[in-house]
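# An overview of the molecular structure
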Amino acid sequence: GEALSRESEYSSNGFLHTVREISRSAPVRRAMAIGCALQAFQQLGGINTVMYYSTTMIKMAGISDDSLAIWLSCIPSFVNALFAFVSMVIIEKVPRRKLLLSTLLGTIIGLALLGGAYFSISKTTALVTSTNSTCPGSGTVILNCGACVSNSDCVFCSTDKSSEGRCILPTVSDNCTEPDMKYMAQDVCYSPYSWTIIAAMVFYIAMFATGIGTLAWTINSEIYPMWVRGYALSISTMTNWLFNLLIAFTFLDLTRILTKKTFRYGAFWLYTGITVVGWIIFYFKLPETRGVPLERVEQLFS
């Protein structure tokens with residue numbers, strides 16, 4: 001009918017004509033703002049930090065065995081796939097807005113738990129003694145193994161992974177060569193709370209995959225009128241990948257800027273704050289789209 005005729009007209013007139021029409025249509029502009037915001041906050045919640053750097057994150061939690069860390073890194077991918085299926089099952093049974101806001105709140109809690117888990121680990125590694133420690137600040141500024149190995153010039157050595165030890169410079173002749181010094185940490189320190197990282201990752205990814213991980217795409221497919229749908233979906237998809245690139249490029253720098261590089265709680269607490277902003281925006285601006293025909297979507301944003 002009219003919608004198909006309008007779509008055909010704009011397609012034949014080219015991209016610039018469609019852009020001009022978008023700029024003149026306040027409902028379409030609002031819909032595109034919400035659609036792009038959904039894609040942006042999907043990435044700004046740090047999901048691909050967890051997916052791309054899962055092995056590194058697990059090792060930084062105190063699991064030094066490379067093989068075990070790689071196997072454990074399969075868990076986030078499995079959970080992501082499993083709860084994407086859960087979302088597919090319930091998405092037509094629960095209002096879109098309610099599902100998004102509730103799971104996004106869970107995502108916020110998951111991110112805060114990830115930051116809290118890293119913070120706990122940073123405080124529970126083996127203590128550093130100032131006796132025979134040669135790394136500057138040992139026993140004063142450097143109080144535990146985590147603080148020791150966060151300095152790339154220092155290593156931690158002790159009788160075992162949980163005992164008090166020394167923070168030393170690797171160039172020191174005695175290094176960790178004494179017979180009773182059987183444990184040495186250069187990048188990763190043991191913590192009894194390493195498992196909390198896995199638990200927090202599972203909860204975070206479950207909430208993300210059930211909610212904004214799938215709903216960002218679903219809602220974007222429902223909020224644009226036919227005549228602009230192709231262009232709008234392309235722009236929102238481009239937004240997703242631009243913010244994906246931003247997060248991937250900045251994560252490691254954030255860990256250095258916000259907190260000591262061995263423990264990443266600063267970055268995850270930043271993602272928590274950003275996701276809270278997203279929740280507030282969607283609470284006030286996102287309409288319910290389930291069951292709304294495409295011919296009437298412009299009315300949602302009038």
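As shown above, the structure is provided for reference.
All values reported here derive from a predicted model rather than from experimental measurement.

Under the definition given, this model contains two salt bridges. R96 is the salt-bridge partner of E222, the closest N and O atoms lying 2.6 Å from each other. With a gap of 126 residues between them, E222 in the loop between α11 (212-220) and α12 (229-258) and R96 in helix α8 (residues 96-123) connect regions that are remote in the sequence. The exposure classification of E222 matches that of R96, with both residues buried. Linked by salt bridges that have partners in common, E92, R96 and E222 make up one network.

In strand β1 (residues 155-158), alternate side chains face the same way, and those of V155 and C157 on one face and F156 and S158 on the other are all buried. Relative to strand β2 (residues 165-168), β1 runs antiparallel, the two being bridged by four bridges. Its bridge partner being in β2, S158 is matched across the sheet by G165.

This paragraph deals with the environment of M60. With respect to the helices and strands, M60 occurs in helix α5 (residues 54-60). A residue is classified by how much of its surface remains accessible, and M60, at 18% relative accessible area, is buried. Between the alpha carbons of M60 and S194 there is a distance of 8.8 Å; along the sequence they are 134 residues apart.

On to the sheet that holds β2, then. Pairing in this open sheet of three strands is antiparallel, and the strands run β2-β1-β3 from one edge to the other. With one partner strand each, in any of the chains shown, β2 and β3 (183-185) form the two edges of the open sheet. Adjacent strand axes in the sheet meet at a mean angle of 20° when their direction is disregarded.

A word on the packing of aromatic side chains. The relation between two aromatic rings is expressed through the spacing of the ring centres and the mutual angle of the planes. This model, assessed by the stated rule, comprises seven aromatic pairs. Ring geometry for F119 and W269: centres 5.9 Å apart, planes at 40°, overall tilted. Separated by 150 residues along the polypeptide, F119 in helix α8 and W269 in helix α13 (residues 265-285) bring together distant segments of the chain. Residue class for W269 comes out partly exposed when judged on its relative accessible area of 38%. Centroid distance Y204 to F208: 6.4 Å. Interplanar angle 35°. Geometry classified as tilted. One end of the pair is Y204 and the other is F208, both in helix α10 (residues 195-210) and four residues apart, which spans about a single turn.

Our next topic: α10. One turn of an α-helix holds 3.6 residues; hence residues three or four places apart share an orientation. Compared with an ideal rise of 1.5 Å per residue, which puts 16 residues at 22 Å, α10 spans 23 Å between its outermost C-alpha atoms and is within 8% of the ideal. Of the positions making up α10, those classed as buried are T196, I197, I198, A200, M201, Y204, I205, A206, F208, A209 and T210.

The full count for this structure, using the stated rule, is three disulfides. Here C135 pairs with C154 through a disulfide, and the sulfurs are 1.5 Å apart. Taken together, the positions of C135 in the loop between α8 and α9 (145-149) and C154 in the loop between α9 and β1 put the pair 19 residues apart, joining distant regions of the chain. Across this residue pair, the class does not change: C135 and C154 are buried. Between the sulfur atoms of C145 and its disulfide mate C189 the distance is 2.0 Å. Measuring the twist about the S-S bond at about -80°, one finds the C145-C189 disulfide to be left-handed. One end of the pair, C145, is in helix α9; the other, C189, is in the loop between β3 and α10, with 44 residues separating them in the sequence. The burial state of C145 is the same as that of C189; both residues are buried. Of note for the protein chain: the bonded cysteines, numbered N- to C-terminal, pair according to 1-4, 2-6, 3-5.

The rules behind these values
- Residues numbered from 1 in each chain as written.
- Predicted model: local features only at pLDDT ≥ 70, side-chain atom pairs only at ≥ 80, totals over all residues.
- Heavy atoms only, no water.
- Salt bridge = Lys/Arg side-chain N within 4 Å of Asp/Glu carboxyl O.
- Helix = DSSP H or I, 4+ residues; strand = E, 2+ residues; numbered from the N terminus.
- Buried < 20%, exposed > 50% of the residue type's maximum accessible area, 1.4 Å probe, protein only.
- Pairing = 2+ DSSP bridges.
- Axes fitted to C-alpha atoms, helices over the stretch in contact; angles between N-to-C directions.
- Phe/Tyr/Trp six-rings, centres within 6.5 Å; stacked < 30°, edge-to-face > 60°.
- Expected span 1.5 Å × (residues − 1).
- Disulfide = S-S within 2.5 Å.

Worth remembering: the numbers are spatial, not functional.
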